[in-house]
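Architecture at a glance
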Amino acid sequence: MNPKLTKSQERALCSQIGRVKLQLLYKASIHGFTGAAFHQRCDNQGPTLSVGYNSSGYVFGGYTSKPFNQSGNYVQDDQAFIFTFSGTNILKYQVTSPNYAVRMTGNSGPYFGESLVLVYGGQTVYSNPGNYYVKFDPAEMHGNNLQLTECEVYQVEESKILEEPWRSIVWESGKRKELMDSIRLYKPIVSSLSQVRVLLIGPVGVGKSSFFNSINSVFRGHVTSQAIAGCSATSLTTQFRTYSLKAGREGRTLPIILCDTMGLEESTGAGLDVDDISSILKGHIPNNYQFNSCVALQPEDRGYRRTPALKDRIHCVAYVIDACKVSIMPAKLEEKMAAIRRKVNIMGIPQLVLLTKVDEACPDVAQDLKNVYKSQYIKDMVREVSARVGVPMSCVVPVKNYSEELELNLNSDILLLSAVIQMLRFADNYFDDISDRFSNLQTQEACEGTNP
C-alpha cells in the first residue's frame, strides 16, 4: 500500500507526537469505507493516527494513544488531539475532556469524542465542533466538505532513530568521489605488491558475490553482475575465484582483489571445507579451483601452489553476515566460523565483518539508508555481531549490496566504498606487521653475527 500522506505532512504530524514513525494499517479505498473494515485492520494496534482526505484538498484527522476496540465505551486519553493542515502548517485541537476522548464504536471508523468521526456510515465525515475537543472552524478543518475520497489509519510506533549518529559519515557526492579516488590511488606499503587480496567468507546466501558485483558496479558507473549471485539453499559459488576491479570499462586495474569462496553450510561435508581455508590463506589454492566439500585440497593435488609468494596470500579476511539472520545463526555454522577465526588469528591476518542486508533488517534504514548509523537496532546488531564473531565493533561495517536495483544510489555507494577503504587500511596493518617481524629478524641475525 502506498500512503497518500506526504513525507512533509508525516514529519509535521510526528513532530506533534514525539520520536515516532508511522506504519500504514488501513486504507479505505482498498479495504473499504466501513466500520468493520476499519476495525479488522486497526483494533489492538496501539497508538494510531487517522487521516481523512476530501475532494477539496483538505487533510485532517486525529491522534489517540489508546488502541481501538469495539466495546462501545468512551476511552480516556489526555494525549488525544484532532488536526487539519493549513498549507504546510498544522492546526491542532487538543482534547478538553480526556474521559471522552475516543469512542470505541463498531459501526464507524475513527471516532474522536463527539467532534470528528471519519468513515461515519460510508465515505461521510461527522463534524460537530467543540464537543470534548478545542472548538474548530469547520471551514478550516475540512472546508465544509464532509465526503471522504480517502481515509488512512497509521500505527504510531516509537522510533529507534537516534538524534545523533553513532558513527560519523558524510552522505555527499563529493565524499563518494573522495573515496573512489583514495581507492584508485592506493598503493600497498610493500613495494613488491601492486594489489591487496581480501578473502570473503560467509554462509550461503549472505551476499559475498553480490558484494563484489556491487563494488564493481560503483566503479563501472552502472549495475553489473559479473560474479554469479542469487538465492539458493546451497552455494552458487563452487570455485575459488579471484576478482580484479577496474576503474571504468577501459580503466586501469584497481589495487584490490576480492577472493570469493564457496559458502559455509552447517552440515558436515557440505559447503566450504574448513581445512581449505588454511590453504587459501597461505596462497596454495589457485584461481578457479573447484571446491570439493568432502575432501580438502592436498599438496600432491594438481594445481596446488607449493611455494606461494606474498602476492598470492590473503592480506585481509572479511566475514560476510546477513543482518536479518544474526540472532538465528545455527550453532554448527557458528562453530565453523569460530574454527576459521582461530586459523586466521594464528596467521595474524586482520579481520572485519561486512553486515549485509541492513535495509531488510531495519524498516528505518529501508525508508532511508542514511539512517543506518542513526538506527539503534543496527547499532545493537553490530554489537551482537561483534560479540559473536569476536572482533571490535569498529571492525563491523554495515553495507547494502545492489540486488534489485537498475541504477546506482549515492548512499549505497558510500557505504560500499567505505567498506573497501577499511579493507585497505586493515591490509596495511598486516603489511606493517610483516615488516616489523622482518626487521626484528634482521636485527636478531645481526646481533648473533657480532657475537663470537
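See above for the structure.
The sections below set out a description of the structure shown in this document.

**What to know about the overall build of the chain**
Secondary structure assignment for the chain yields twelve helices and 18 strands. Against the 2.2 N^0.38 benchmark of 22 Å for 452 residues, the chain shows a C-alpha radius of gyration of 29 Å, more extended than a compact globule. Residues classed as buried in the chain amount to 51% of the 452 residues present. At a minimum sequence separation of 6, the contacts of the chain that also span at least 24 residues come to 68%. Element-wise, carbon and sulfur atoms account for 46% of the exposed surface of the chain, whose accessible area totals about 20,900 Å². Of note, the chain has its 46 positive side-chain charges centred 4 Å away from the centre of its 45 negative side-chain charges.

**Quick notes on the sheet that holds strand S16 (residues 316-322)**
Sheets are built from strands paired through backbone hydrogen bonds, the pairs being either parallel or antiparallel. Taken together, the seven strands give an open sheet; going across it, the order is S15-S13-S14-S12-S16-S17-S18, and neighbouring strands pair in mixed fashion. The open sheet is flanked by strand S15 (289-290) and strand S18 (396-398), the only strands paired with a single partner. By the bridge criterion, four bridges tie strand S12 (residues 196-201) to S16 in an arrangement that is parallel. Considered in S16, the bridge of leucine 199 is made with valine 317. Where helix H6 (residues 208-220) meets the sheet, it contacts S12, strand S13 (239-246), strand S14 (253-260), S16 and strand S17 (351-356), and its direction lies at approximately 15° from that of S13.

**Describing the environment of valine 170**
Looking at the secondary structure, you find valine 170 in the loop between strand S11 (148-158) and helix H5 (173-185). A relative accessible area of 37% means that valine 170 is categorised as partly exposed. Taking C-alpha positions, valine 170 is 22 Å from asparagine 216, a pair spaced 46 residues apart along the chain.

**Quick word on the packing of aromatic side chains**
Tallied over the full model, the rule gives 13 aromatic pairs. Aromatic side chains tyrosine 120 and tyrosine 126 sit 5.1 Å apart centroid to centroid with 45° between the ring planes, which places their arrangement in the tilted category. Given a relative accessible area of 24%, tyrosine 126 falls into the partly exposed group. Among the aromatic residues, those joined into a ring-pair cluster are Tyr63, Phe81, Phe83 and Phe85. The aromatic ring of phenylalanine 81 is capped on one face by lysine 92, whose charged end is 4.6 Å from the ring centroid.

**Digging into the nonpolar core**
Counting residues in each nonpolar core, the largest one holds 89 residues, and the members touching the most others are Phe211, Leu354, Leu355 and Met423. Among the elements that line this core, the one with the most residues is helix H12 (residues 410-450), at 13 residues. The residues touching leucine 354, leaving out its near neighbours within four places in the chain, are Leu200, Phe211, Ala318, Tyr319, Val320, Ile321, Val397, Val399, Ala419 and Met423. Of all hydrophobic cores here, the second largest spans 28 residues; its members include Phe68, Tyr133, Cys151 and Val153.

Quick notes on the rules
Residues numbered from 1 in each chain as written. Predicted model: local features only at pLDDT ≥ 70, side-chain atom pairs only at ≥ 80, totals over all residues. Heavy atoms only, no water. Helix = DSSP H or I, 4+ residues; strand = E, 2+ residues; numbered from the N terminus. Rg over C-alpha atoms; globule rule 2.2 N^0.38 Å. Buried < 20%, exposed > 50% of the residue type's maximum accessible area, 1.4 Å probe, protein only. Contact = heavy atoms within 4.5 Å. Areas by Shrake-Rupley, 256 points an atom, 1.4 Å probe, with all protein chains shown as cover. Lys, Arg positive; Asp, Glu negative; His and termini not counted. Charge placed at Lys NZ, Arg CZ, Asp CG, Glu CD. Pairing = 2+ DSSP bridges. Axes fitted to C-alpha atoms, helices over the stretch in contact; angles between N-to-C directions. Phe/Tyr/Trp six-rings, centres within 6.5 Å; stacked < 30°, edge-to-face > 60°. Lys NZ or Arg CZ within 6 Å of the ring centre and 35° of its normal. Core = buried A, V, L, I, M, F, W, Y, C linked by side-chain atoms within 4.5 Å.

It is worth stressing that arrangement in space is one thing and function is another; only the former is reported here.
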